[in-house]
Amino acid sequence: MSTEAADTLEISLQVNGAPVRRRVASRLHLADFLREELGLTGTHLGCEHGVCGACTVRVDGEIVRSCLVLAVQADGARVETIEGLSAAGTVGALQRAFHERNALQCGFCTPAMLLAAAELVERQPDASREDIRRHLSGNYCRCTGYQAIVDAVEVVCRAHRAGGIR
Amino acid sequence: MKEGGTMPPARGTMQYIGASLPRANALRLLAGRGQYVDDLQLPRLAHAVMVRSPHAHARIVSIAADAARDAPGVLRILTGPDVAQLCRPYVGVLLHVKGMRSAPQLPLALGRARWQGEPVVAVVAESRAQAEDAAQLVEIGWEELPPVTDAETALDPGAPVIHPEFGDNLCFERVVDTGDVDAVFARADHVVEATFVTSRHAPMPLETRGIVADFNPAEKHLTVWQSTQVPYMMQWILAHHFGLPETSVRVIAPDVGGGFGLKIHVFGDEMAAVAASLVLGRPVKFIADRLESFVSDNHARGHRVKMRMAVSREGDILAVDMDDLYGIGPFSGYPRASVNEGLQVVNLAGGPYQQRVYRGRSRAVFQNKPMYGQYRAVGHPVACAITEGTVDLAAAAVGMDPAEFRRRNYIPADRFPYTLVSGPTFEKLSQHEALDRLLAMMDYTGLRREQAELRPRGVHRGIGLASFVENSNSSSATYGQGGVSIAAQDACTIKLTATGGLAVATSLTEMGQGAHAVAMQVAASAAGVPIDRVKVVLGDTDATPYGGGNFGSRGTGIGGEAVFQAARALRANILAFVARLTESEPSLLDVREGNVVDAESGALRMTLEDVARTAYFRTDRVPRDFQPELTVTRSYAQKYYSGVFTNGIQASYLEVDTDTGFVKLLRHWVVDDCGTIVNPLLVDEQIRGAVVQGIGAALFEQCIYSPEGQLLNGSLIDYLVPMAAEMPDIEIGHCVTPTATSELGAKGAGEAGTAGAPAAIMNAINDALKPFGARVTMQPFTPERILRALGKAGAA
């Protein structure tokens, strides 16, 4: 139960392009590692059950629930969070579209929503509104009616198809 | 009140009022740079974790905490008696609500736990993990007591009594009776009736509750960062209950991850964290995890309502008879009490229609379930569902189209202000106009045709309408008159900065709905300054003027009006100053685009930067007998009505799979009248979000309890919430009836969506089921309940 030295492991990984080496408790999940050890508080915790999606980050290019991944499992991995993905590329385009359409209110779900949406834009830019809704259905938003989010993602998908994001 | 029809002349030139501008304060949230309370780190920050009651009702026989006290990193263990020495008990009653009662309550259970999840012991350690480890070592000896879980039997003579001193479990009862009810029902052409049930459910913001309390013993000063909608209420609460001067308590609301009425209440675990900081003299953080949110957040709804309506053969509503029963927690919530849902149900049953003869009763009973309180649209979704559900039955009994039946019974447009027999007054509603607009938007007749065409193919679609009213801009009638220190007023301080910008400090609070943006747009418009030169500060009792904050659809209507008045006053002061400097008259000048100009020609007289520089730095140029005042504060409270009601109507179009009981939402429409709209972009998505919460109540959300009072679905895996895939596109239209109680004319927009959506969904499902003679009235309308109504589900 207690966090003795024997329960810790050394990990080294890449976070937002920078090398990170830390000794961590083996029970520490990746979200807590990012938030508490690295101060990357753009990744949020909403349920710690892998249901609400607020802790979504990219590990080796795939979006994952960082509350369901132990920090030690990310040893050797390439981790990307909202802090490292902002402003440019697909996430940047989504941020602008979300802003213009007020596709966020409290913003607690937003970083994760952006990462989930970016995956869809990059892999399925011809997604329909139904596809967008289905793809985002693992990310809980209590404030918006989801519609502005769908609108924003739709716009970015269209721009992506037209080669507008780069 | 201003004269009817005359608007302040400046309003026509207010370029940002009515503009769909993106929110400036959303940028940091998009970049992951928001700062929510759990993001805060302070030197020597300690972490509090709660040990909670596993029983709905049990006596605390013993608490063995030695092992926990000796665990690594543990700083302090606090029990009920420890906290009782620091914190004055609280009683959640409103003095002006006759006959209501509740018992004294403390942050941690003292002697007896009264719901599963009630905090009993607080463990404080250097890290949260250490506190969680140690919490598992706390041994509490329990003697289980019989719980009160079913509101229906809570008042039975043999029922266990939660507060023996009261003799029974009744918290509150309100009855309205105009007389004549039985006589009118006896001679009515048609009487329709149904029993409606709403589930107990939870506000469920994505960010859970949390607090960081930092007591500095050197100054005897307490600073609290809290995910709260109401910093000033909390300042008063903390000062009063912990015996500190109010001036020694500062409450900061950082970015708040959704409120919905949850974050306006006092919670024992948060108070225990404050107590721990007082004891330790160091900062203490408490963040509820999702599992404890389910058993410690305030819940809402959970009503059983028997409703009857008497109707003439011509289709006039003659009388309404309503009986509401609902279970609250074992205490009435503090400091706002747990009776407002019932009050609104009594006030508004039958409400959007002309009321003639009415009998209504609401009873709130104590039960051994989590605390209960105000959640988005307080009581309105219940009042709306029972009224609109019964209206559809009445229309069917008379053989009239439901839209026509509604139109016939609306309050005539020339009858406003209209006072309901239950008490509230509607200043002015736009029901007929809203209905016309909605029917056009949705192509009502076209949909009816489509519905009829699809029936023979076994496709069962339904159209449901729900007219709603929603209280907003409340006066002191809600809380202040009940002896509770919750401000009915809001205030705004605006200063002209040295370079001619505006620094706006408002008692409004932001939890995502856009208060910050509203303040920017209103201030820039009313002062005549470009919006990119406006800065808004909110959510800090040390930095903003006094006011209520955000709850009850009051932000733009009350706080926004204070901003409007402050900006207008600053503009007037600037004009008076420049008139004196230039030997002109204020009436000949204007402020436009950040410059003082000749009102007639638009020619530049002085930039606002020059105005500020002259007033602040070149006072040698200011006449000796003139002192420019370039910082102003204005306050506003709505004093004409208990609340200013908004109105509107919603429609749902959906399909019921009669083999599986599944409901597919196809489309949803809302016409809302919130008066002056400051930012349509924000209002529309806020209404959509509110509708989606209402859909959640209608189709998914319910706290399911065992007979012993154990929550059986207390995780986001088991408790369903609306997600993107199941939600329809929602089309929003507006009518605009500005309130005459303020110059801005804004009413609330945040709750009406939640008020009307469950009724629209219910009516649409029942419309789809009509050929089968089936009907559902118990929310949520799960596939199982729909199949049961269709006679297709087994008895199990």
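Small disclaimer: the values here were computed from a predicted structure and weren't measured.

Points about the overall build of chain B
Within chain B one finds 19 helices and 30 strands. Here the C-alpha radius of gyration of chain B, 28 Å, is about what a compact globule of 796 residues would show, namely 28 Å. Here the C-alpha coordinates of chain B stretch approximately 90 × 75 × 50 Å along the principal axes. The burial tally for chain B puts 66% of its 796 residues in the buried class.

Digging into the interface of chain A and chain B
Counting residues at the interface gives 51 residues for chain A and 56 residues for chain B. Buried area between chain A and chain B, summed over both chains or domains, comes out near 4300 Å², and the portion from carbon and sulfur atoms is 58%. Among the residues of chain A in contact with chain B, H99, Y140 and R142 of chain A are the three that bury the most area, contributing 19% of the side total. At the surface where chain A touches chain B, the tally comes to seven salt bridges. D729 of chain B is the salt-bridge partner of R133 of chain A, the closest N and O atoms lying 2.7 Å from each other. Along the contact surface separating chain A from chain B lie 30 residue pairs in polar contact (both at pLDDT 80 or more). When the residues that make up the side of chain A that touches chain B are grouped by side-chain class, the tally is 19 nonpolar, 20 polar and twelve charged.

Let's talk about the sheet that holds strand β26 (residues 604-607) of chain B
Backbone hydrogen bonds hold the strands of a sheet together, and the pairing may be parallel or antiparallel. Residues and elements named next belong to chain B. The antiparallel open sheet is built from three strands, whose spatial order is β24-β25-β26. The strands lining the two open edges of the sheet, one partner per strand, are β24 (589-592) and β26. The sheet shows a mean angle of 25° between the axes of neighbouring strands, taken without regard to direction. The pairing of β24 with strand β25 (residues 595-598) spans four bridges and is antiparallel. The partner of V591 across the bridge, within β25, is V596. Across the sheet, helix α15 (residues 555-581) touches β24, β25 and β26, and the angle it forms with β24 is around 130°. Relative to β26, helix α16 (residues 608-616) is tilted by about 55°, and along the sheet it contacts β24, β25 and β26.

Looking at the domain arrangement of chain B
Residues and elements named next belong to chain B. Annotation of chain B at the domain level lists domain 1 (9-34 + 489-636), domain 2 (36-397) and domain 3 (431-474 + 642-796). The straight-line distance from the C-alpha centre of domain 1 to that of domain 2 is 39 Å. Listed by partner, the interface residues are 18 residues for domain 1 and 19 residues for domain 2. Where domain 1 abuts domain 2, roughly 1500 Å² becomes buried across the two surfaces, and 49% of that area is made up of carbon and sulfur atoms. Of all residues in domain 1, M511, T541 and Y546 give up the largest surface area on contact with domain 2, accounting jointly for 37% of the area buried on that side. Counting the contacts that link domain 1 with domain 2 gives three salt bridges. Notably, a salt bridge pairs R28 with D255, separated by 2.6 Å at the nearest N-O pair.

Procedures and definitions
- Residues numbered from 1 in each chain as written.
- Chains lettered and ligands numbered in written order.
- Predicted model: local features only at pLDDT ≥ 70, side-chain atom pairs only at ≥ 80, totals over all residues.
- Heavy atoms only, no water.
- Helix = DSSP H or I, 4+ residues; strand = E, 2+ residues; numbered from the N terminus.
- Rg over C-alpha atoms; globule rule 2.2 N^0.38 Å.
- Buried < 20%, exposed > 50% of the residue type's maximum accessible area, 1.4 Å probe, protein only.
- Contact = heavy atoms within 4.5 Å.
- Buried area = accessible area lost by both parts, 1.4 Å probe.
- Salt bridge = Lys/Arg side-chain N within 4 Å of Asp/Glu carboxyl O.
- Polar contact = N/O pair within 3.5 Å; in protein donor to acceptor, adjacent residues only side chain to side chain.
- Nonpolar A, V, L, I, M, F, W, Y, C, P; charged D, E, K, R; others polar.
- Pairing = 2+ DSSP bridges.
- Axes fitted to C-alpha atoms, helices over the stretch in contact; angles between N-to-C directions.
- Domains from an automatic or database assignment.

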